[in-house]
Amino acid sequence: MLQSELAVSLMLHKRVVRLMGNRFEISVVAEDEAWANDRIGEAVAEIQRIEALLTTFNDHSQTNQINAQAGIAPVRVEREVFELIRRSLRISELTQGAFDITYGSIDKSLWNFDTTMTSLPDAETAKRMVRLINYRNVVLNEANASVFLKEKGMRIGFGGIGKGYAAEMAKRLLLQKGVKSGIVNASGDLTAWGSQPNGSPWTIGVADPNAKNQPFSYLNISNVAVATSGNYEKYAVIGGKKYSHTIDPKTGLPVSGIKSVTILSPNAEIADAMATPVTVMGVRVGLDLINQMQGMACIIIDDKDRIFTSKNIKIS
(Lines give C-alpha, C1' and ligand atoms only; values in the text may rest on other atoms or scores of the structure.)
Protein backbone atom coordinates (compact mmCIF):
# COMPACT_ATOMS: atom_id res chain seq x y z
CA MET A 1 0.00 0.00 0.00
CA LEU A 2 2.76 2.43 0.97
CA GLN A 3 4.61 1.75 -2.29
CA SER A 4 1.57 2.51 -4.45
CA GLU A 5 0.91 5.72 -2.49
CA LEU A 6 4.50 6.78 -3.14
CA ALA A 7 4.16 6.05 -6.88
CA VAL A 8 1.01 8.18 -7.03
CA SER A 9 2.71 11.13 -5.31
CA LEU A 10 5.66 11.14 -7.71
CA MET A 11 5.26 13.50 -10.67
CA LEU A 12 7.22 14.47 -13.76
CA HIS A 13 8.41 18.08 -13.72
CA LYS A 14 9.78 19.54 -16.99
CA ARG A 15 11.42 22.67 -18.30
CA VAL A 16 12.36 23.57 -21.87
CA VAL A 17 15.25 26.01 -22.40
CA ARG A 18 17.43 27.08 -25.32
CA LEU A 19 21.07 26.33 -24.57
CA MET A 20 24.14 25.75 -26.77
CA GLY A 21 21.99 26.76 -29.75
CA ASN A 22 19.69 23.81 -29.10
CA ARG A 23 16.40 22.99 -27.41
CA PHE A 24 17.09 21.30 -24.07
CA GLU A 25 14.25 19.63 -22.17
CA ILE A 26 15.08 18.69 -18.59
CA SER A 27 12.70 16.35 -16.77
CA VAL A 28 12.85 15.37 -13.11
CA VAL A 29 10.68 12.84 -11.26
CA ALA A 30 9.91 14.08 -7.76
CA GLU A 31 7.12 14.60 -5.23
CA ASP A 32 7.83 18.25 -4.50
CA GLU A 33 7.48 20.71 -7.41
CA ALA A 34 9.59 23.47 -5.85
CA TRP A 35 12.42 21.00 -5.09
CA ALA A 36 12.26 19.65 -8.66
CA ASN A 37 12.38 23.16 -10.14
CA ASP A 38 15.42 24.03 -8.02
CA ARG A 39 17.20 20.90 -9.30
CA ILE A 40 16.30 21.74 -12.90
CA GLY A 41 17.64 25.26 -12.38
CA GLU A 42 20.95 23.81 -11.19
CA ALA A 43 21.12 21.57 -14.28
CA VAL A 44 20.48 24.59 -16.53
CA ALA A 45 23.29 26.52 -14.80
CA GLU A 46 25.64 23.57 -15.33
CA ILE A 47 24.88 23.46 -19.06
CA GLN A 48 25.37 27.24 -19.30
CA ARG A 49 28.77 26.84 -17.59
CA ILE A 50 29.81 24.23 -20.17
CA GLU A 51 28.49 26.35 -23.03
CA ALA A 52 30.68 29.28 -21.90
CA LEU A 53 33.76 27.01 -22.05
CA LEU A 54 33.04 25.40 -25.41
CA THR A 55 31.22 28.01 -27.50
CA THR A 56 32.78 29.44 -30.66
CA PHE A 57 30.45 32.46 -30.51
CA ASN A 58 32.44 34.19 -27.77
CA ASP A 59 35.97 35.42 -28.45
CA HIS A 60 36.94 34.80 -24.82
CA SER A 61 35.88 31.13 -24.66
CA GLN A 62 38.65 28.61 -24.20
CA THR A 63 37.77 27.07 -27.57
CA ASN A 64 38.28 30.36 -29.39
CA GLN A 65 41.48 31.10 -27.49
CA ILE A 66 42.88 27.79 -28.80
CA ASN A 67 41.73 28.66 -32.33
CA ALA A 68 43.15 32.19 -32.21
CA GLN A 69 46.59 30.79 -31.30
CA ALA A 70 46.61 28.08 -34.00
CA GLY A 71 50.09 27.78 -35.49
CA ILE A 72 51.38 30.34 -32.97
CA ALA A 73 51.44 29.04 -29.40
CA PRO A 74 49.90 26.50 -27.01
CA VAL A 75 46.99 27.66 -24.84
CA ARG A 76 46.51 26.53 -21.26
CA VAL A 77 42.94 25.46 -20.61
CA GLU A 78 40.91 24.13 -17.73
CA ARG A 79 41.50 20.45 -17.07
CA GLU A 80 37.89 19.72 -17.99
CA VAL A 81 38.35 21.13 -21.52
CA PHE A 82 41.72 19.39 -21.84
CA GLU A 83 40.19 16.01 -20.96
CA LEU A 84 37.25 16.51 -23.34
CA ILE A 85 39.70 17.22 -26.16
CA ARG A 86 41.76 14.18 -25.20
CA ARG A 87 38.66 11.96 -25.31
CA SER A 88 37.68 13.50 -28.66
CA LEU A 89 41.08 12.61 -30.11
CA ARG A 90 40.67 9.02 -28.89
CA ILE A 91 37.34 8.80 -30.73
CA SER A 92 39.07 10.19 -33.84
CA GLU A 93 41.61 7.37 -33.62
CA LEU A 94 38.89 4.80 -33.04
CA THR A 95 36.89 6.01 -36.07
CA GLN A 96 40.00 6.56 -38.24
CA GLY A 97 39.25 10.27 -38.53
CA ALA A 98 35.53 9.98 -39.33
CA PHE A 99 35.03 11.99 -36.12
CA ASP A 100 37.28 15.04 -35.93
CA ILE A 101 36.91 18.15 -33.75
CA THR A 102 39.18 20.11 -36.14
CA TYR A 103 36.30 20.24 -38.64
CA GLY A 104 35.87 23.91 -37.60
CA SER A 105 38.26 24.99 -40.37
CA ILE A 106 35.67 24.18 -43.07
CA ASP A 107 34.61 27.43 -44.68
CA LYS A 108 30.94 28.10 -43.92
CA SER A 109 30.62 29.71 -47.38
CA LEU A 110 31.47 26.29 -48.86
CA TRP A 111 28.76 24.50 -46.90
CA ASN A 112 25.72 26.48 -45.78
CA PHE A 113 23.01 23.86 -46.10
CA ASP A 114 20.05 26.10 -46.83
CA THR A 115 17.89 27.23 -49.74
CA THR A 116 20.64 29.43 -51.18
CA MET A 117 22.88 26.45 -51.88
CA THR A 118 22.36 25.50 -55.51
CA SER A 119 25.47 23.52 -56.41
CA LEU A 120 28.14 21.35 -54.84
CA PRO A 121 31.73 22.57 -54.77
CA ASP A 122 33.97 20.67 -57.12
CA ALA A 123 36.00 17.86 -55.59
CA GLU A 124 39.28 19.80 -55.83
CA THR A 125 37.90 22.83 -53.96
CA ALA A 126 36.34 20.60 -51.30
CA LYS A 127 39.61 18.70 -50.83
CA ARG A 128 41.52 21.95 -50.48
CA MET A 129 39.06 23.20 -47.86
CA VAL A 130 39.51 20.14 -45.64
CA ARG A 131 43.30 20.35 -45.76
CA LEU A 132 43.37 21.72 -42.20
CA ILE A 133 41.11 19.01 -40.77
CA ASN A 134 43.49 16.64 -39.04
CA TYR A 135 43.12 15.58 -35.42
CA ARG A 136 46.76 14.43 -35.43
CA ASN A 137 47.79 18.11 -35.53
CA VAL A 138 46.28 18.77 -32.10
CA VAL A 139 49.12 18.66 -29.57
CA LEU A 140 48.28 18.10 -25.90
CA ASN A 141 50.68 18.83 -23.08
CA GLU A 142 49.70 16.83 -20.02
CA ALA A 143 52.02 18.70 -17.66
CA ASN A 144 50.40 22.13 -18.02
CA ALA A 145 47.05 21.18 -19.64
CA SER A 146 47.80 23.13 -22.80
CA VAL A 147 46.46 22.62 -26.31
CA PHE A 148 48.26 23.57 -29.51
CA LEU A 149 46.95 23.45 -33.07
CA LYS A 150 49.98 22.98 -35.31
CA GLU A 151 48.78 24.87 -38.39
CA LYS A 152 47.51 28.42 -38.82
CA GLY A 153 43.85 28.48 -39.80
CA MET A 154 43.03 25.29 -37.89
CA ARG A 155 39.92 25.48 -35.75
CA ILE A 156 38.37 23.08 -33.27
CA GLY A 157 34.68 22.89 -32.45
CA PHE A 158 32.57 20.66 -30.23
CA GLY A 159 29.44 20.42 -32.41
CA GLY A 160 29.79 16.64 -32.61
CA ILE A 161 30.25 15.95 -28.89
CA GLY A 162 29.35 19.06 -26.86
CA LYS A 163 25.60 18.45 -26.51
CA GLY A 164 26.17 14.92 -25.29
CA TYR A 165 28.85 16.05 -22.85
CA ALA A 166 26.55 18.75 -21.45
CA ALA A 167 23.68 16.26 -21.09
CA GLU A 168 25.96 13.79 -19.31
CA MET A 169 27.26 16.46 -16.91
CA ALA A 170 23.74 17.72 -16.17
CA LYS A 171 22.65 14.15 -15.41
CA ARG A 172 25.66 13.65 -13.12
CA LEU A 173 24.82 16.82 -11.20
CA LEU A 174 21.13 15.84 -10.87
CA LEU A 175 22.12 12.42 -9.51
CA GLN A 176 24.43 14.08 -6.99
CA LYS A 177 21.55 16.31 -5.90
CA GLY A 178 19.32 13.30 -5.24
CA VAL A 179 17.28 13.05 -8.45
CA LYS A 180 16.70 9.32 -8.78
CA SER A 181 14.84 9.47 -12.12
CA GLY A 182 14.94 11.93 -14.98
CA ILE A 183 15.78 12.79 -18.57
CA VAL A 184 18.06 15.40 -20.10
CA ASN A 185 17.09 15.77 -23.76
CA ALA A 186 19.34 17.92 -25.95
CA SER A 187 17.41 18.22 -29.22
CA GLY A 188 16.95 14.46 -29.48
CA ASP A 189 20.30 13.49 -27.97
CA LEU A 190 19.17 12.33 -24.56
CA THR A 191 20.13 10.48 -21.43
CA ALA A 192 17.53 8.85 -19.18
CA TRP A 193 17.89 7.21 -15.78
CA GLY A 194 15.58 5.66 -13.23
CA SER A 195 11.95 5.24 -14.30
CA GLN A 196 8.70 7.05 -14.98
CA PRO A 197 6.55 8.11 -11.98
CA ASN A 198 4.51 4.90 -12.33
CA GLY A 199 7.68 2.77 -12.13
CA SER A 200 7.79 1.70 -15.80
CA PRO A 201 10.83 2.35 -18.04
CA TRP A 202 11.06 5.49 -20.15
CA THR A 203 9.71 5.07 -23.69
CA ILE A 204 11.38 6.97 -26.52
CA GLY A 205 10.56 7.16 -30.21
CA VAL A 206 13.23 6.61 -32.88
CA ALA A 207 12.64 9.29 -35.52
CA ASP A 208 11.48 8.25 -38.98
CA PRO A 209 13.86 10.05 -41.39
CA ASN A 210 11.02 10.34 -43.91
CA ALA A 211 8.71 12.00 -41.36
CA LYS A 212 10.79 13.35 -38.51
CA ASN A 213 7.84 14.00 -36.19
CA GLN A 214 6.62 10.43 -36.65
CA PRO A 215 8.60 7.68 -34.86
CA PHE A 216 9.08 4.45 -36.82
CA SER A 217 9.83 2.51 -33.65
CA TYR A 218 9.74 2.82 -29.86
CA LEU A 219 12.34 1.72 -27.33
CA ASN A 220 11.95 1.16 -23.61
CA ILE A 221 15.08 2.46 -21.91
CA SER A 222 16.55 3.14 -18.49
CA ASN A 223 20.07 4.27 -17.62
CA VAL A 224 20.79 4.64 -21.33
CA ALA A 225 21.76 7.54 -23.59
CA VAL A 226 20.47 7.84 -27.16
CA ALA A 227 21.74 10.06 -29.99
CA THR A 228 20.60 10.30 -33.60
CA SER A 229 22.33 11.81 -36.61
CA GLY A 230 20.05 12.20 -39.61
CA ASN A 231 19.89 13.95 -42.96
CA TYR A 232 16.32 15.15 -42.25
CA GLU A 233 17.33 18.04 -39.96
CA LYS A 234 19.68 19.98 -42.20
CA TYR A 235 20.29 19.35 -45.87
CA ALA A 236 20.35 20.86 -49.36
CA VAL A 237 18.46 19.64 -52.42
CA ILE A 238 20.54 20.10 -55.57
CA GLY A 239 19.40 18.74 -58.91
CA GLY A 240 16.62 16.83 -57.20
CA LYS A 241 19.04 14.96 -54.91
CA LYS A 242 19.18 15.38 -51.13
CA TYR A 243 22.63 16.07 -49.64
CA SER A 244 23.20 15.54 -45.93
CA HIS A 245 24.87 18.24 -43.82
CA THR A 246 27.31 15.55 -42.61
CA ILE A 247 30.65 16.08 -44.34
CA ASP A 248 33.28 13.40 -44.81
CA PRO A 249 36.41 15.01 -43.25
CA LYS A 250 38.63 13.26 -45.80
CA THR A 251 36.87 14.47 -48.98
CA GLY A 252 35.05 17.61 -47.87
CA LEU A 253 31.92 16.34 -49.62
CA PRO A 254 28.58 15.27 -48.11
CA VAL A 255 28.14 11.63 -47.18
CA SER A 256 25.43 9.60 -48.86
CA GLY A 257 23.83 6.20 -48.44
CA ILE A 258 22.50 6.66 -44.90
CA LYS A 259 19.41 8.58 -43.80
CA SER A 260 19.88 8.22 -40.05
CA VAL A 261 22.01 6.61 -37.38
CA THR A 262 20.78 6.10 -33.81
CA ILE A 263 23.35 5.16 -31.16
CA LEU A 264 22.53 3.73 -27.72
CA SER A 265 25.22 3.89 -25.04
CA PRO A 266 25.49 4.14 -21.25
CA ASN A 267 27.10 7.59 -21.79
CA ALA A 268 25.53 10.57 -23.63
CA GLU A 269 28.88 12.01 -24.68
CA ILE A 270 29.89 8.77 -26.41
CA ALA A 271 26.45 8.35 -28.02
CA ASP A 272 26.58 11.89 -29.42
CA ALA A 273 30.16 11.51 -30.66
CA MET A 274 29.58 8.15 -32.40
CA ALA A 275 26.42 9.01 -34.39
CA THR A 276 28.15 11.15 -37.02
CA PRO A 277 31.21 8.94 -37.69
CA VAL A 278 29.02 5.87 -38.21
CA THR A 279 27.16 7.94 -40.84
CA VAL A 280 30.49 8.76 -42.50
CA MET A 281 31.82 5.18 -42.28
CA GLY A 282 28.76 3.61 -43.90
CA VAL A 283 26.53 0.70 -42.91
CA ARG A 284 28.96 -2.22 -42.99
CA VAL A 285 32.02 -0.56 -41.44
CA GLY A 286 29.93 1.42 -38.95
CA LEU A 287 28.07 -1.64 -37.67
CA ASP A 288 31.30 -3.61 -37.47
CA LEU A 289 32.78 -0.91 -35.22
CA ILE A 290 29.72 -0.70 -32.95
CA ASN A 291 29.60 -4.51 -32.63
CA GLN A 292 33.13 -4.41 -31.20
CA MET A 293 32.28 -1.81 -28.55
CA GLN A 294 30.98 -2.94 -25.19
CA GLY A 295 27.58 -1.63 -24.12
CA MET A 296 26.92 0.08 -27.47
CA ALA A 297 24.05 -0.50 -29.89
CA CYS A 298 23.08 1.03 -33.19
CA ILE A 299 20.13 1.39 -35.59
CA ILE A 300 20.85 2.53 -39.16
CA ILE A 301 18.34 3.46 -41.87
CA ASP A 302 19.85 3.65 -45.35
CA ASP A 303 18.77 5.65 -48.41
CA LYS A 304 16.55 2.78 -49.50
CA ASP A 305 14.74 2.72 -46.11
CA ARG A 306 16.35 -0.57 -45.13
CA ILE A 307 16.90 -0.98 -41.38
CA PHE A 308 20.15 -2.40 -40.00
CA THR A 309 20.87 -3.02 -36.33
CA SER A 310 23.90 -4.02 -34.31
CA LYS A 311 23.96 -7.57 -32.90
CA ASN A 312 22.73 -6.62 -29.43
CA ILE A 313 19.50 -4.81 -30.31
CA LYS A 314 16.07 -5.89 -31.49
CA ILE A 315 13.46 -3.38 -32.60
CA SER A 316 9.76 -3.99 -33.14
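For the structure, check the block above.
Rules and cut-offs
Residues numbered from 1 in each chain as written. Predicted model: local features only at pLDDT ≥ 70, side-chain atom pairs only at ≥ 80, totals over all residues. Heavy atoms only, no water. Helix = DSSP H or I, 4+ residues; strand = E, 2+ residues; numbered from the N terminus. Buried < 20%, exposed > 50% of the residue type's maximum accessible area, 1.4 Å probe, protein only. Contact = heavy atoms within 4.5 Å. Areas by Shrake-Rupley, 256 points an atom, 1.4 Å probe, with all protein chains shown as cover. Pairing = 2+ DSSP bridges. Axes fitted to C-alpha atoms, helices over the stretch in contact; angles between N-to-C directions. Parallel < 35°, antiparallel > 145°, perpendicular 65-115°, else oblique. Left-handed = near helix turned anticlockwise from the far one by under 90°. Nonpolar A, V, L, I, M, F, W, Y, C, P; charged D, E, K, R; others polar. Expected span 1.5 Å × (residues − 1). Salt bridge = Lys/Arg side-chain N within 4 Å of Asp/Glu carboxyl O.

1. Quick notes on the overall build of the protein
Okay, so step 1: In terms of helices and strands, the protein carries 8 helices and 15 strands.
Okay, so step 2: Split into buried and exposed, the 316 residues of the protein put 51% on the buried side.
Okay, so step 3: Relative to all contacts within the protein whose residues are 6 or more apart in sequence, the contacts with residues 24 or more apart total 61%.
Okay, so step 4: Just so you have it, the protein exposes about 15500 Å², and 50% of that area is on carbon and sulfur atoms.

2. Points about the sheet that holds strand β14 (residues 297–302)
Okay, so step 1: The strand order β1-β2-β6-β7-β10-β13-β14-β15 describes an open sheet built from 8 strands, whose pairing is antiparallel. Single-partner strands in this sheet number two, and they are β1 (11–19) and β15 (307–309). Averaged over all pairs of adjacent strands, the angle between strand axes in this sheet comes to 10 degrees, irrespective of strand direction.
Okay, so step 2: Where strand β13 (residues 258–265) lies against β14, 6 bridges are found, and the strand directions are antiparallel. Looking at β14, one finds that V261 is bridged to I300.
Okay, so step 3: Contacting β2 (22–30), β6 (182–186) and β7 (189–193), helix α6 (residues 162–176) crosses the sheet at an angle of about 20 degrees to β7.

3. Quick notes on the packing of helix α4 (residues 79–94) against helix α7 (residues 268–281)
Okay, so step 1: Remark: α4 packs on α7, axes separated minimally by 11 Å, with the N-to-C direction vectors making an angle of 45 degrees. Judged by the angle between their axes, α4 and α7 are oblique. You can see that α4 and α7 cross each other, and the crossing is right-handed. Where α4 abuts α7, its residues L84, R87, I91 and L94 lie against E269, I270, A273 and M274.
Okay, so step 2: Within the contact of α4 with α7, the residues separate by chemical class into 6 nonpolar, no polar and 2 charged.

4. A few points about the sheet that holds strand β4 (residues 138–141)
Okay, so step 1: Reading across from one edge, β3-β5-β4 is the order of the 3 strands in this open sheet, with antiparallel pairing throughout. Each end of this open sheet is capped by a strand with a single partner; those strands are β3 (75–76) and β4.
Okay, so step 2: Of the pairings in the sheet, the one linking β4 to strand β5 (residues 146–149) comprises 4 bridges and is antiparallel in character. Within β5, the residue paired with V138 across the bridge is L149.

5. What about the environment of E46?
Okay, so step 1: Structurally, E46 can be placed in helix α2 (residues 33–54).
Okay, so step 2: Each residue touching E46, except ones within four places of it in the same chain, is listed here: M169, A170 and L173.

6. So, α4
Okay, so step 1: Taking 1.5 Å per residue as the helical rise, α4 with its 16 residues ought to reach 22 Å, and the 23 Å between its terminal C-alpha atoms agrees with that figure.
Okay, so step 2: Taken together, the buried positions of α4 are occupied by V81, F82, L84, I85, S88, L89, I91 and S92.
Okay, so step 3: Those residues of α4 that are buried lie in contact with α2, α3 (62–68), β4, β5, α6 and α7.
Okay, so step 4: Phi turns positive, to about 55 degrees, at Q96, one or two residues after α4.

7. As for unusual backbone geometry
Okay, so step 1: Positive phi is not limited to glycine here, since N223 has a value of about 55 degrees.
Okay, so step 2: The partly exposed category is assigned to N223, whose relative accessible area is 48%.
Okay, so step 3: The phi torsion at D305 lies on the positive side, around 65 degrees, for a residue other than glycine.

8. Brief notes about the environment of G230
Okay, so step 1: In this fold, G230 is placed in strand β10 (residues 224–230).
Okay, so step 2: Measuring from C-alpha to C-alpha, the distance between G230 and P209 comes to 6.8 Å, with 21 residues separating the pair along the chain.

9. Things to note about the pattern of salt bridges
Okay, so step 1: A full pass over the atoms with the stated rule returns 15 salt bridges.
Okay, so step 2: A salt bridge links R79 to E83, with the nearest nitrogen and oxygen atoms 3.6 Å apart. On the criterion of helical spacing, the pair formed by R79 and E83 is a turn pair, its members being 4 residues apart in helix α4.
Okay, so step 3: E151 is the partner of R131 in a salt bridge, and the nearest nitrogen-oxygen pair spans 3.2 Å. Of this pair, R131 sits in the loop between α5 (123–129) and β4 while E151 sits in the loop between β5 and α6, placing them 20 residues apart in sequence.
Okay, so step 4: Members of the salt-bridge network, linked through shared partners, are R79, E83, R86 and E142.

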